[in-house]
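Single-letter residue listing:
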Amino acid sequence: MKILHIVKTAVGAGWVYQQVRVLCSLGFDVIVVLPSASVGLAPKYKDAGATVIPLAFDFPFRRPWQIPSLLRSCKNLVAEVQPDVIHTHHVGTTLMLRAALGQFSPTPRIFQVPGPLHLEHRFFAKLDISSAGPQDHWIACCRWTKRKYRSLGIQPDRVFLSYPGTDLTTFNEHRTGALRRELNLPPDVPLVGMVCYMYAPKRFLGQSTGLKGHEDFIGAFQIAQKTIPNLRGVIIGGAWNGAAKYEQRLRRIGHTACPDSLTFLGTRSDVPALYPDLDLAVVASHSENVGGAVEPLLSGVPVVSTNVGGLPDLVQPGITGTLVPPRDPQSLAAATLSSLKNPTEAHRLALAGQQMARQLFNVETTAREVAQIYSQLASTPPDSRLPA
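The rules behind each value
Residues numbered from 1 in each chain as written. Predicted model: local features only at pLDDT ≥ 70, side-chain atom pairs only at ≥ 80, totals over all residues. Heavy atoms only, no water. Helix = DSSP H or I, 4+ residues; strand = E, 2+ residues; numbered from the N terminus. Rg over C-alpha atoms; globule rule 2.2 N^0.38 Å. Buried < 20%, exposed > 50% of the residue type's maximum accessible area, 1.4 Å probe, protein only. Pairing = 2+ DSSP bridges. Axes fitted to C-alpha atoms, helices over the stretch in contact; angles between N-to-C directions. Contact = heavy atoms within 4.5 Å. Parallel < 35°, antiparallel > 145°, perpendicular 65-115°, else oblique. Left-handed = near helix turned anticlockwise from the far one by under 90°. Nonpolar A, V, L, I, M, F, W, Y, C, P; charged D, E, K, R; others polar. Phe/Tyr/Trp six-rings, centres within 6.5 Å; stacked < 30°, edge-to-face > 60°. Polar contact = N/O pair within 3.5 Å; in protein donor to acceptor, adjacent residues only side chain to side chain. pLDDT = per-residue confidence, 0-100. Expected span 1.5 Å × (residues − 1). Arc of directions from axis to C-beta. Core = buried A, V, L, I, M, F, W, Y, C linked by side-chain atoms within 4.5 Å.

## Observations concerning the overall build of the chain
Working step 1: Looking only at helices and strands, the chain features 16 helices and 13 strands.
Working step 2: Here the chain has a C-alpha radius of gyration of 21 Å; the compact-globule value for 388 residues is 21 Å, and the two agree.
Working step 3: For the chain, the spread of C-alpha atoms along the three principal axes comes to 65 × 40 × 40 Å.
Working step 4: Every one of the 388 residues in the chain was classed for burial, and the buried ones make up 53%.

## Focus: the sheet that holds strand β1 (residues 2-6)
Working step 1: In space, the 7 strands of this open sheet follow the order β3-β2-β1-β4-β5-β6-β7, with parallel pairing throughout. Each edge of the open sheet carries a strand with a single partner, namely β3 (51-54) and β7 (159-161). In this sheet, neighbouring strand axes are inclined to one another by 25° on average, regardless of whether the strands run parallel or antiparallel.
Working step 2: Running over the sheet, helix α4 (residues 91-101) touches β1, β4 (85-88), β5 (109-113) and β6 (136-140) and is turned about 165° from β5.

## Details of unusual backbone geometry
Working step 1: Positive phi outside glycine occurs at Gln82, with the angle close to 55°.
Working step 2: Here Gln82 shows up in the loop between α3 (67-81) and β4.
Working step 3: Even without a glycine there, the phi angle at Asn184 is positive, about 60°.
Working step 4: With respect to the secondary-structure elements, Asn184 resides in the loop between α7 (178-183) and β8 (191-195).
Working step 5: Using a relative accessible area of 66% as the deciding quantity, one classes Asn184 as exposed.

## Focus: the packing of helix α1 (residues 14-25) against helix α15 (residues 363-378)
Working step 1: Where α1 contacts α15, the axes come no closer than 9 Å and their chain directions differ by 70°. With respect to their mutual orientation, α1 and α15 come out roughly perpendicular. Handedness of the crossing formed by α1 with α15: right-handed. Listed contacts from α15 to Gln18, Gln19, Arg21, Val22 and Leu23 of α1 are Val363, Glu364, Ala367, Arg368, Val370, Ala371 and Tyr374.
Working step 2: Of the residues in the contact of α1 with α15, the class split is 7 nonpolar, 2 polar and 3 charged.

## Focus: the packing of aromatic side chains
Centre-to-centre distance and the angle between the planes together describe a pair of aromatic rings.
Working step 1: Under the defined criterion, the tally for this structure stands at 9 aromatic pairs.
Working step 2: Geometrically, the ring pair formed by Tyr17 and Tyr45 is edge-to-face, given 5.6 Å between the ring centres and 85° between the ring planes. Of this pair, Tyr17 sits in helix α1 while Tyr45 sits in helix α2 (residues 42-48), and the two are 28 residues apart along the sequence. With respect to class, Tyr17 is no different from Tyr45; both count as buried.
Working step 3: Where Tyr163 meets Phe361, the ring centres are 5.1 Å apart and the plane angle is 55°; that geometry is what we call tilted. Here Tyr163, found in the loop between β7 and α7, pairs with Phe361, found in the loop between α14 (343-360) and α15; they are 198 residues apart in sequence, far enough to count as distant.

## Here's the deal with the sheet that holds strand β11 (residues 280-283)
Working step 1: Strand order across the open sheet formed by 6 strands is β10-β9-β8-β11-β12-β13, with parallel pairing between neighbours. Of all strands in the sheet, those bounded by a partner on one side alone are β10 (262-266) and β13 (322-324). Neighbouring strand axes in the sheet, compared pairwise and without regard to direction, differ in orientation by 20° on average.
Working step 2: Packed onto the sheet, helix α8 (residues 214-227) meets β8, β9 (232-236), β10 and β11 and runs at close to 170° relative to β9.

## Comments concerning the side chain of Ser287
Working step 1: Take Ser287: it is sitting in the loop between β11 and α11 (294-298).
Working step 2: Classification of Ser287 as buried rests on a relative accessible area of 5%.
Working step 3: At 3.0 Å, the side chain of Ser287 and the side chain of Glu120 are in polar contact.
Working step 4: With near-sequence residues (within four places) excluded, Ser287 lies in contact with Pro116, Leu117, Glu120, Leu211 and Val308.

## A closer look at the environment of Arg251
Working step 1: Position of Arg251 among the secondary structure elements: in helix α9 (residues 244-257).
Working step 2: C-alpha of Arg251 to C-alpha of Leu262: the two residues are 11 residues apart in sequence and 9.5 Å apart in space.
Working step 3: Discounting chain neighbours no more than four positions away, the residues touching Arg251 are Phe264, Leu265 and Gly266.

## Brief notes about the confidence of the model for the chain
Working step 1: Here the chain averages 94 in pLDDT, while 98% of its residues score no lower than 70.
Working step 2: The model gives residues 384-388 a pLDDT under 50, and that stretch makes 10 contacts with residues more than four places away or in other chains.

## Here we look at α3
Working step 1: Between its terminal C-alpha atoms α3 stretches 21 Å, which fits the 21 Å expected from 15 residues at 1.5 Å a residue.
Working step 2: Looking at α3, one finds that the buried residues are Ile67, Leu70, Cys74, Leu77, Val78 and Val81. Buried residues of α3, seen end-on, are gathered within an arc of 95° and therefore sit on one face of the element. Facing away from the buried side of α3 by over 90 degrees, the exposed positions are Arg72, Lys75, Asn76 and Glu80.
Working step 3: Of the surrounding secondary structure, the elements contacted by the buried residues of α3 are β1, β2 (29-34), β3, β4 and α4.

## So, the nonpolar core
Working step 1: If you look at the biggest cluster of nonpolar residues, it comprises 33 residues, and the most contacted ones within it are Leu179, Val234, Leu278 and Leu314.
Working step 2: Elements represented by at least two residues in this core include exactly α7, β8, β9, α10 (271-274), β11, α11, α12 (311-314) and α14.
Working step 3: With 3 residues, α11 is the largest single contributor of residues to this core.
Working step 4: For Leu179, the contacting residues outside a window of four places in its chain are Leu191, Val234, Leu265, Leu274, Asp277 and Leu278.

Encoded structure:
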């Protein structure tokens with residue numbers, strides 16, 4: 001079976017690479033469209049056995065005059081490849097694909113929804129639904145997303161659920177001490193961290209602060225430090241997609257609020273080795289799939305997260321972690337203090353969360369779920385999917 005994956009980035013969306021890697025091992029003929037055939041993850045896709053086609057196929061917000069040529073390129077590519085299923089992973093690429101092929105293209109199409117953000121805004125949610133045709137299907141990456149599509153009128157047999165898988169061997173709970181040595185911290189100093197890229201506010205979505213809640217984390221850290229004066233914090237992850245000015249703004253806020261106790265490390269490639277040195281990982285997102293909660297729990301690190309999107313699928317109060325309302329630094333600080341003051345209980349929750357994360361996010365399992373979806377769609381006669 002020939003599967004065409006369309007991915008808007010070659011340097012991010014690592015879950016797509018992990019999925020493609022397993023699909024290739026299962027014998028699927030996978031073709032991946034990326035902005036580049038040489039940078040980022042492109043060489044890994046090739047090593048996994050996929051064919052990489054360089055095409056920057058995302059909605060060109062800043063260059064709308066390129067839309068006609070991009071649509072032609074996509075249509076020609078699909079005609080040449082003749083895939084059995086087309087699999088997209090981002091909103092922009094999905095909408096462009098539908099525009100290029102039309103609503104009634106005979107090839108089954110799957111949009112694996114990476115996060116719920118566009119569904120939280122009426123215009124974009126309506127655009128997703130109205131642009132879809134009878135061959136379009138969705139893979140929700142959390143229960144919130146699946147429920148949302150059902151509430152928008154999508155039939156149950158067109159919305160699947162499969163979490164974005166990861167390579168479980170990448171993460172373990174062994175403390176290397178590398179992060180604490182870098183920060184010059186002894187083992188007994190409490191250390192909390194936030195690990196994610198910095199996404200600048202999207203004004204067209206009405207955002208005034210970043211999507212990941214860095215400002216809330218900084219505010220909560222400042223509050224918590226009044227109770228635990230020797231508390232130290234670290235923010236790992238730099239600007240995403242040209243958000244350098246936003247990163248500079250966050251650094252100014254952090255250095256002003258916590259001048260000697262909060263460190264910004266920028267983008268790192270050794271995150272799995274750094275996680276175990278944290279006493280607590282904080283996920284302060286305003287909108288999220290399951291996001292930053294998976295990796296710390298796989299590393300055996302306690303997690304406090306906001307109660308948004310898919311985070312409650314994994315972070316369950318009293319079972320695997322602690323949930324707090326979004327945009328609430330006071331509640332975030334209280335949960336942080338509670339976890340740090342009760343390390344035995346926090347460790348128990350983290351171990352339960354680790355077990356759950358291993359069950360839900362093992363890419364060897366999730367990729368096979370996707371393979372079953374491919375088989376189901378490819379075996380359905382085209383005429384049965386077209387409107388009367």
